[in-house]
Amino acid sequence: MINLLSYIVWQPDLEAFHLGPITVRWYGLMWIIGLALAYLVVKHLYKDQKIKDELFDPLFIYCFFGILIGARLGHCLFYQPQDFLTSWQGIVEMILPIHFGHNGSWLSETFGFYITGYAGLASHGGTLGLMIALWLYVRKTKLSIWTVLDNIAIATGTTACFIRLGNLMNSEIIGKITDVPWAFIFERVDAAPRHPGQLYEAIAYAILFVIMWIIYKNSQKPQAKGPQVGTGWYFGFCLTYIFTFRFFIEYTKEIQEAFEASLPIDMGQILSIPFIILGVYCMVKAKKKAGA
């Protein structure tokens, strides 16, 4: 028999604080913190590797828009194409953070839409968007693509961790019903105890950052034989770690869209497989290059 009193009841306020008329939500705040930490980590790595400051300055802009655009398009195209590609309103909602309809606000009553923020972002799309943005960045700066990818990979765990904490604050991407003692009852969803899949991922990504940082620092020691930045190993390890974990953690999550119920594995697992293959390929390639 399930004892609901033994579980964590979860219903935090969606809003972190107010700045006058501006409301800052936890989800947006977690995104900002995650990106800011990655910014500081990569800035340190560039300095450590004696890469010119002027080559670092545009990197954040490329990454920010690459992740945001990729994550948004990934969610709309992979998970809800029937909602976003079947009408002009849907296409507009895919691009702009609005929803057509009425919610009682002056904006919806006057113009027929209201601001929602980007309610729906997919990590697989964000990863692909980031890779495209970094390709554009290296074309402009003439830096080695593998150096840039490896440096970004080392910092990725920080951003991924805080994005999942934002999902936790939003009570979204919930887990399946369970009787484990650390289960969460997401009151915005229902009264059932569920796996806190967002927390599992956040912890895994924090551990990823620690592992990558230790490996990198050890590789910088005199006569060290560890993987070097610029070989693609860090990029490959990052992809393999994140998306292998994503593949298996999906077994603890509820499906996000109804059509996934008819699939042998869910959409998150399907989209993880190419990234795992690419990650393993990059690690093997880097190892062969180091042994040559």
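Note that the structure is a prediction, hence the values are computed from the model and not measured.

Some words on the packing of helix 1 (residues 26–48) against helix 8 (residues 145–169)
A pair of packed helices is captured by two measures, namely the crossing angle of their axes and the spacing between those axes.
Thought 1: Their axes nearest at 8 Å, the elements helix 1 and helix 8 cross at an angle of 165°. With respect to their mutual orientation, helix 1 and helix 8 come out roughly antiparallel. When the axes of helix 1 and helix 8 are compared, the crossing they make is right-handed.
Thought 2: For the contact of helix 1 with helix 8, the class distribution of residues is 20 nonpolar, six polar and no charged.

Digging into the pattern of salt bridges
Thought 1: Across all of its chains, the model carries seven salt bridges by this definition.
Thought 2: Among the salt bridges present, the one from arginine 194 reaches glutamate 254, with a minimum N-O distance of 2.8 Å. Of this pair, arginine 194 sits in strand 7 (residues 193–194) while glutamate 254 sits in the loop between helix 10 (233–249) and helix 11 (267–291), and the two are 60 residues apart along the sequence.
Thought 3: For glutamate 250, the salt bridge identified is with arginine 246, shortest N-O distance 3.0 Å.
Thought 4: Of the residues examined, glutamate 250 reaches a relative accessible area of 5% and is grouped as buried.
Thought 5: Taking the relative accessible area as the measure of exposure, arginine 246 reaches 3% and is therefore buried.

Remarks on the UniProt feature "binding site: a 1,2-diacyl-sn-glycero-3-phospho-(1'-sn-glycerol)" (unreviewed entry) in the protein chain
Thought 1: Residues given the UniProt feature "binding site: a 1,2-diacyl-sn-glycero-3-phospho-(1'-sn-glycerol)" (unreviewed entry) here are Arg164.
Thought 2: Mapped onto the secondary structure, arginine 164 falls in helix 8.

Reading the values: the criteria
Residues numbered from 1 in each chain as written. Predicted model: local features only at pLDDT ≥ 70, side-chain atom pairs only at ≥ 80, totals over all residues. Heavy atoms only, no water. Axes fitted to C-alpha atoms, helices over the stretch in contact; angles between N-to-C directions. Helix = DSSP H or I, 4+ residues; strand = E, 2+ residues; numbered from the N terminus. Parallel < 35°, antiparallel > 145°, perpendicular 65-115°, else oblique. Left-handed = near helix turned anticlockwise from the far one by under 90°. Nonpolar A, V, L, I, M, F, W, Y, C, P; charged D, E, K, R; others polar. Salt bridge = Lys/Arg side-chain N within 4 Å of Asp/Glu carboxyl O. Buried < 20%, exposed > 50% of the residue type's maximum accessible area, 1.4 Å probe, protein only. UniProt positions renumbered as here; feature names shortened; annotations may be inferred.

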